[in-house]
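Geometric and topological summary
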Amino acid sequence: MFYIVKTPQWVMKLFASYIWKMPPRASKTIYLTFDDGPHPEITTFVLEELRKYNAKATFFCIGKNVEAHPLVYKSILGEGHAVGNHTYNHLNGWKTPDSEYVENVLEAKKYIDSNLFRPPYGRIKKSQRKALMQNDAGFQIVMWSVLSGDFDVNITPEACCEKVLKY
């Protein structure tokens, strides 16, 4: 499976209307994000780990998962974490007609109270971006600067951790 771990600067410049990283702070800060939840077992585990370190994260949630697991979603919010929209059905923007994609994001918005949006797989067309950013919701599109690869079944957890720490 091919994917880029560290997003190149030229990509960030080409898509400058997206949020790729946060402004520098006086202290060293890592912004953790988790996609595709809430999931009863995985999200609960992540919340427990974050609690151990008094750490906060942003969870980009799938609408149908929020609908199916509302208590897990409420736990995310109740523990002071941020949330964002990740579509209702985890759609690939490159393979989905614009109107269907935007409708799917707006369907998810019924369950996810946030103007943050992360496109599944990082795949979104310019026309979809424009529609979502100019929509009444006024979404801010949040990408990533380092991709852990935790979805890749061919790498070990240790290798995944090494990649993140390296970048």
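Structure report, in brief. Computed from a predicted structure; not experimentally measured.

As for the side chain of Thr96
Considering the arrangement of structural elements, one finds Thr96 in the loop between β3 (82-85) and α5 (98-109). Its relative accessible area of 6% is what places Thr96 among the buried residues. Polar contacts involving the side chain of Thr96 include one to the main-chain carbonyl oxygen of Asn92, which spans 2.7 Å.

Points about the pairing of strand β2 (residues 57-61)
The element β2 is largely enclosed, with a buried count of five among its five residues. Here β2 shows a buried face lined by Ala57, Phe59 and Cys61 and a second buried face lined by Thr58 and Phe60. Bridge count between strand β1 (residues 32-35) and β2: four bridges; the pairing is parallel. Bridging from a neighbouring strand, Phe34 pairs with Phe59 of β2. For the handedness criterion, the β-α-β arrangement of β1, helix α2 (residues 40-52) and β2 is classed as right-handed.

Overview of the packing of α5 against helix α6 (residues 126-134)
Packing of α5 against α6 brings their axes to within 10 Å, and their N-to-C directions diverge by 40°. One way to sum up the angle between α5 and α6 is to call them oblique. Crossing handedness for the pair α5 and α6: right-handed. From α5, Asp98, Tyr101, Val102 and Val105 reach across to α6, where they touch Ser127, Gln128, Ala131 and Leu132. Taken together, the residues that form the contact of α5 with α6 break down as five nonpolar, two polar and one charged.

Structural notes on the packing of aromatic side chains
In this structure the tally under the stated criterion is seven aromatic pairs. Linked through ring pairs, Phe15, Tyr18 and Trp20 together constitute an aromatic cluster.

A closer look at the nonpolar core
With 15 residues, the main nonpolar core has Tyr101, Phe117, Ile124 and Leu132 as its most contacted residues. Looking at this core, the elements with two or more residues in it are α1 (9-14) and α5. Element by element, the count of residues in this core is highest for α5, at three residues. Beyond its immediate sequence surroundings of up to four residues, Leu132 is in contact with Tyr101, Val102, Val105, Phe117, Ile124, Gly138 and Phe139. Phe59, Val66, Ile76 and Tyr88 belong to the second largest nonpolar core, which has 13 residues in total.

Focus on unusual backbone geometry
The step from Gly37 to Pro38 runs through a cis peptide bond, and the omega angle for that step is 0°. Positionally, Pro38 belongs in the loop between β1 and α2. Of note, Asp36 is a non-glycine position whose phi angle comes to about 85°, a positive value. Positive phi is not limited to glycine here, since Asn54 has a value of about 50°. With respect to the element layout, Asn54 can be found in the loop between α2 and β2. Looking at Asn54, the relative accessible area reads 67%, which means it is exposed.

Rules and cut-offs
Here the residue index of a chain counts from 1 through its sequence in written order. At least 70 in pLDDT is required for a residue's local features to be given in this predicted model, at least 80 for side-chain atom pairs to be given and counted, and no such filter applies to totals for whole chains, interfaces and linings, which use all residues. Hydrogens and waters are ignored; side-chain quantities use all the structure's heavy atoms. The helix and strand labels rest on DSSP assignments: H or I over at least four residues marks a helix, E over at least two residues marks a strand, and numbering proceeds from the N terminus. Three labels apply to residues, based on accessible area from a 1.4 Å probe with only protein chains included: buried if under 20% of the type maximum, exposed if over 50%, partly exposed otherwise in between. Here a polar contact is taken to be a pair of N or O atoms separated by no more than 3.5 Å, where protein atoms must pair a possible hydrogen donor with a possible acceptor and residues adjacent in sequence count only if both atoms sit in side chains. Here, strands pair whenever DSSP counts at least two bridges between them. With its strands directed away from the observer, a crossover is right-handed exactly when the path from the first strand over the helix to the second travels clockwise. Whenever a helix is involved, its axis is fitted only over the stretch in contact; in every case the axis is a line through C-alpha atoms, and angles between N-to-C directions fall within 0 to 180 degrees. In these notes the angle categories are as follows: under 35 degrees is roughly parallel, over 145 is roughly antiparallel, 65 to 115 is roughly perpendicular, and the rest is oblique. For any helix crossing, the convention is left-handed if the near helix is rotated counterclockwise from the far helix by under a right angle, and right-handed if that rotation is clockwise. By definition, residues are in contact when any of their heavy atoms lie within 4.5 Å. Only Asp, Glu, Lys and Arg are considered charged, only Ala, Val, Leu, Ile, Met, Phe, Trp, Tyr, Cys and Pro nonpolar, and every remaining residue, Gly among them, polar. Side-chain rings of Phe, Tyr and Trp (the six-membered ring for Trp) are treated as a pair once their centres are within 6.5 Å; stacked means planes under 30 degrees apart, edge-to-face means over 60, and tilted covers the remaining angles. We call a set of buried residues a nonpolar core when its members are Ala, Val, Leu, Ile, Met, Phe, Trp, Tyr or Cys and they connect through side-chain atoms within 4.5 Å of each other.

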